[in-house]
Amino acid sequence: MLPTIEYSLSYAPPMGAERDALSALCHTPDARWHERMDHAEFVVTALHEGTRVGVGIVHTSVTAPTEVERPLELGGMFVHPAYRRLGIRQHMADARLTYALSMGGTPITVIDNRNEASWSYYERSAKWTPEREYTGWFTGLPMTIWVATESSWYRTRMGMDPLVPAQPNVVLPSAQPLVLGPDQGNAVSA
């Protein structure tokens, strides 16, 4: 039987004990990890029976040489090894992308070219396209910046109309005064 996973959303940088618990999910919570945490605008946490088993961050501490407008980096996503292949990563990735798009930013993610699992995911996804490859100044290794194809920046650059948020199907009545009959309560004069 699969474990029941709950998700917690936060719109502020994690602090104190929460930050320590999320940092424990990261392989090496180095200075770059904490910089991302300091600039987090959205954090999704996966929980199993109250224990943190996954974390994904949307932050504004972008160091990659991107040319996109208003970049929001979907960086710092980790799932505990015992909880992989349960769909947690996909759920957190979707939540982060939805948040970044809803804020009007251009979602990007930066992938180490040696990370075959991530490469495989982004290459198959119609939601992402590579912007450019560069040498990471933290690692000295080849990295690739991926841009969300649903972002206004990307769509405009490709000559497409930006996506317009869905509008509710609401029909507003005309501005006529309400008149109730005698058997419907107090009458309102028109």
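Calculation notes
- Residues numbered from 1 in each chain as written.
- Predicted model: local features only at pLDDT ≥ 70, side-chain atom pairs only at ≥ 80, totals over all residues.
- Heavy atoms only, no water.
- Core = buried A, V, L, I, M, F, W, Y, C linked by side-chain atoms within 4.5 Å.
- Buried < 20%, exposed > 50% of the residue type's maximum accessible area, 1.4 Å probe, protein only.
- Helix = DSSP H or I, 4+ residues; strand = E, 2+ residues; numbered from the N terminus.
- Contact = heavy atoms within 4.5 Å.
- Phe/Tyr/Trp six-rings, centres within 6.5 Å; stacked < 30°, edge-to-face > 60°.
- Lys NZ or Arg CZ within 6 Å of the ring centre and 35° of its normal.
- Axes fitted to C-alpha atoms, helices over the stretch in contact; angles between N-to-C directions.
- Parallel < 35°, antiparallel > 145°, perpendicular 65-115°, else oblique.
- Left-handed = near helix turned anticlockwise from the far one by under 90°.
- Nonpolar A, V, L, I, M, F, W, Y, C, P; charged D, E, K, R; others polar.

Novice: Explain the nonpolar core to me, using residue names and the numbers behind them.
Specialist: Counting residues in hydrophobic clusters, the biggest one holds 24 residues, and the most contacted among them are Val58, Ile88 and Trp128. Mapped onto this core, the elements with two or more residues apiece are strand 2 (40-48), strand 3 (51-59), strand 4 (71-79), helix 3 (88-102), helix 4 (116-124) and strand 7 (142-148). Ranked by the residues each element gives to this core, the list is headed by helix 3, at seven residues. Beyond its immediate stretch of four places on either side in the chain, Ile88 contacts Ile5, Tyr7, Ala46, Val53, Val79 and Tyr83.

Novice: Can you lay out the packing of aromatic side chains for me, pointing to particular residues and giving the numbers?
Specialist: Here the structure, examined in full by the defined rule, presents eight aromatic pairs. Taking the centre distance of 5.7 Å and the plane angle of 35° together, the rings of Tyr122 and Trp146 count as tilted. Here the residue Tyr122 occupies a position in helix 4, and Trp146 occupies one in strand 7, the gap between them amounting to 24 residues. Site record: aromatic cluster; members linked through ring pairs are Trp119, Tyr121, Tyr122, Trp128 and Trp146. A cation over an aromatic ring shows up here: Arg89 above the ring of Tyr121, its NZ or CZ 4.6 Å from the ring centre.

Novice: Account for the packing of helix 1 (residues 16-23) against helix 2 (residues 31-38), with residues named and values stated.
Specialist: Packing of helix 1 against helix 2 brings their axes to within 12 Å, and their N-to-C directions diverge by 135°. For the element pair helix 1 / helix 2, the angle class is oblique. Read as a crossing pair, helix 1 and helix 2 show a hand that is right-handed. Contacts from Arg19, Leu22 and Ser23 in helix 1 reach Trp33, His34, Met37 and Asp38 in helix 2. A class-by-class count of the residues in the contact of helix 1 with helix 2 yields three nonpolar, two polar and two charged.

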